[in-house]
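What the coordinates show
Spelled out, the chains give:
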Amino acid sequence: MSASQRLLHLVKYRSLWTHVRRKVTTWSPVGAAFNAKPFRRLDLVEKNVGLFGVPELSCPEGFQAATQTALKNTELLLHRACSCSPGVETVECFDQLSDGLCKVADLADFIKVAHPDPAYREAAEKTCIDIGTVVEKLNTNVELCKGLKNLLDNAKVVAELDPDTKRVAELFMFDFEISGIHLDDKLRKEAVALHVKLLDLSNEFLIGSHVPNRIAKSAIPKHLQVHFASDGSFIQIGGLHADSPDDLLREIAYRIYLYPNADLMECLEELLKCRYKLAKLVGYDSYGHRALKGTMAKNPETVMSFLQLLTDKLSQRYNIEPSLYSPYLSLGACMEGLNNLFSQLYGVSLMSEHPGAGEVWSEDVRKLAVVHETEGLLGYIYCDFFHRRDKPHQDCHFTIRGGRWCQETDRYQLPVVVLMLSLPHPTKSAPTLLTPGMMENLFHEMGHAMHSMLGRTRYQHVTGTRCATDFAEVPSILMEYFATDYRVISQFARHFETGQPLPENMVARLCESKKVCGAADTQLQVFYAALDQIYHGKPQNRSTTEILKEMQEKFYGLPYTPNTAWQLRFSHLIGYGAKYYSYLMSRAVASMVWKQCFVQDPLNRDMGERYRREMLAHGGAKEPMLMVEGMLQRRPTMEDFVDALVSELNPNFETFLMDSES
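Since the model is a prediction, treat every value here as computed from it, not as a measurement.

Definitions and limits used
- Residues numbered from 1 in each chain as written.
- Predicted model: local features only at pLDDT ≥ 70, side-chain atom pairs only at ≥ 80, totals over all residues.
- Heavy atoms only, no water.
- Helix = DSSP H or I, 4+ residues; strand = E, 2+ residues; numbered from the N terminus.
- Rg over C-alpha atoms; globule rule 2.2 N^0.38 Å.
- Buried < 20%, exposed > 50% of the residue type's maximum accessible area, 1.4 Å probe, protein only.
- Areas by Shrake-Rupley, 256 points an atom, 1.4 Å probe, with all protein chains shown as cover.
- Lys, Arg positive; Asp, Glu negative; His and termini not counted.
- Charge placed at Lys NZ, Arg CZ, Asp CG, Glu CD.
- Patch = residues over 30% accessible without salt bridge, like charges linked within 9 Å, V, L, I, M, F, W, Y side chains within 5 Å.
- Salt bridge = Lys/Arg side-chain N within 4 Å of Asp/Glu carboxyl O.
- Pairing = 2+ DSSP bridges.
- Contact = heavy atoms within 4.5 Å.
- Axes fitted to C-alpha atoms, helices over the stretch in contact; angles between N-to-C directions.

Scanning the protein chain from terminus to terminus reveals 28 helices and ten strands. Whereas a compact globule of 662 residues would reach a radius of gyration of roughly 26 Å, the protein chain reaches 25 Å, a difference of no more than 12%. If one aligns the C-alpha atoms of the protein chain with their principal axes, the spans along those axes are about 75 × 65 × 55 Å. Within the protein chain, buried positions represent 55% of all 662 residues. Surface accessibility of the protein chain: about 29400 Å² in total, with carbon and sulfur atoms responsible for 53%. Placing the 72 positive and 81 negative side-chain charges of the protein chain at their respective mean positions leaves the two points 3 Å apart.

Attention shifts here to unusual backbone geometry. One non-glycine residue, K298, adopts positive backbone phi at about 80°. Residue position: K298 is located in the loop between α12 (287–292) and α13 (300–313). With a phi angle near 55°, N541 is a residue other than glycine that sits in the positive phi range. Note on N541: relative accessible area 79%, which makes it exposed.

A grouping of D200, E204, D263 and E266 is seen on the molecular surface, where their side chains present a negatively charged patch. Only α9 (185–208) and α11 (262–281) provide two or more residues apiece to the negative patch. Note that E204 resides in helix α9. What makes E204 partly exposed here is its relative accessible area of 42%.

The next thing to look at is the pairing of strand β7 (residues 396–401). Taking burial as the measure, the six residues of β7 include five buried ones, the bulk of the element. Where β7 lies against strand β10 (residues 416–423), five bridges are found, and the strand directions are antiparallel. Across the sheet, the residue bridging to F398 is V418, located in β10.

A few words now on the environment of P475. In this fold, P475 is placed in helix α18 (residues 474–483). Residue classification places P475 among the buried residues on the basis of a relative accessible area of 4%. Spatially, the C-alpha atoms of P475 and H444 are 8.0 Å apart, while their sequence positions differ by 31 residues. When sequence neighbours within four positions are dropped, the list of residues in contact with P475 reads G447, H451, Y611 and L616.

On to the sheet that holds strand β5 (residues 366–372), then. Taken together, the five strands give an open sheet; going across it, the order is β4-β5-β6-β10-β7, and neighbouring strands pair in mixed fashion. Looking at which strands have only one partner, the edges of the open sheet turn out to be β4 (348–353) and β7. Adjacent strand axes in the sheet meet at a mean angle of 30°, parallel and antiparallel pairs treated alike. Sheet analysis places strand β6 (residues 376–386) next to β10, joined by six bridges and oriented parallel. Following the sheet pairing, I381 is matched in β10 by V417. In the packing of helix α4 (residues 88–114) onto the sheet, the strands contacted are β6, β7 and β10, and the crossing angle to β7 comes to about 140°. Contacts between helix α16 (residues 436–454) and the sheet are confined to β4, β5, β6, β7 and β10, with β10 contributing the most and set at about 175° to the helix.

Here you go:
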């Protein structure tokens, strides 16, 4: 983007800012946008621009057209990648090929779970399967691999490549290797068949893990039935209701929601067998060994050592009432806080934009332009924040389009992401009010979004969160520390009616409350991570429930509840297979970055720029431990990671003094 174009962008957005500001007295424009009721579109003749501005997606059938276009372009790029001379052009062809497929597949991956219209969801799901099948075939395409191998085997050409291009070439080759490119024709076809089968099994398990369990109303005490969804003479239980103060209600939810489903159990057992068979076929000791290559941990042995060491050091260590905090944490206030934080750390503003007709899938979705003070427009964040029927009850970040430098247009392809939460709608008397947990989750997911926005990678294959799994959660978890620091919170947390700021002692108490069961919460994550590792190790010749029972006793201490199968609700087994430990390792890195770089001054612009330069800018284009080393100015050990997690649980005695004085 030229200097004049950047200037036009800034003038455009600053004029928008000024225009909106005149109408708002209490909140900044971004805060006002999220505290306002959804805008109802009245102009029925306005042209439908399609989901995310993709014209074909103005109707469900458009997914088929988008898929066909992507596959046609894939054929052209495939020929070019196989025939061009070894060099930078080879890697650019591979990245363009990947980008064309990902732009359709990633968008469909989001729509299949989030769109309220079943026709859109079904069309998107078919697209995911169609493109996923093509990707698996490409990963075992001998001619395509040969083009890349000719490049990497040419020492003279490799020596002339820039570091990013060399790493991306190696990552593409890694994808070939773990897919079985080195196998003979018969075994290679077997590997492709296993990949395709795993796509189907993963989809089946993912959907099944979120399906509620039903029970006759007559089996539940009448006074508790109102807490569950009604379905004729049955009630549906779709969660654990862990926040309920009623012991009996929690027990009923636990026993019924986790009651074993035989078909889903069979699906999980078959999925784990197929993963192991695929790993052995392509030359690994287990699926865990295959999945962990290229991560910070490197192998399952290191992960289990990390988990055992953490278990050995943990020991059990002020409750808060969330409703006391909520009036100070309106959604608009929190968005204003994020805007202020990003402005001070990175020179970035979040600016509310009005989406075109058909651009969003629900009228309460907000669109944010992310604008840098000198670089101009960085990308777009679509905020799908509110609860609706058939929407998954999970907070997550979706990449819709990755950023990359487009040689063909000589411009940067701007990243587009979606943040999905499940917040309550505003009422007639109040905007959406967040509990401290909701606010922390919002900050967490926005950390992922800014990872995508602030990266400026040359290749989309390594854009934003497309990096090692045990590094990908670092930017999001780091944001949780900002969310509980009074110097940050004091800038935005104020009562939605009176304007009074949130008292400092309440923030201090909030921080300490997280430590009350902190060791138990961490130990629970250790149990989940250990279970994931055992499931993806060598076959145990026993049921997944028997393995769960043993791991729960060893790593968590609480007894197993008979006739339950928690593993069937462990949907992270799909996206985080053999990598669930990543959350703990990322938290350790985030803790070290916070304490060493931000705890003295969480709003320091120089440190914010260093953080962007060393960790956010590279996506997956740089080896993860090198990014950590660049930020910390030292290379941490596994013991450092464990100590960082354990030190989080140390009480702050100043809080107790502050409380006694007040």
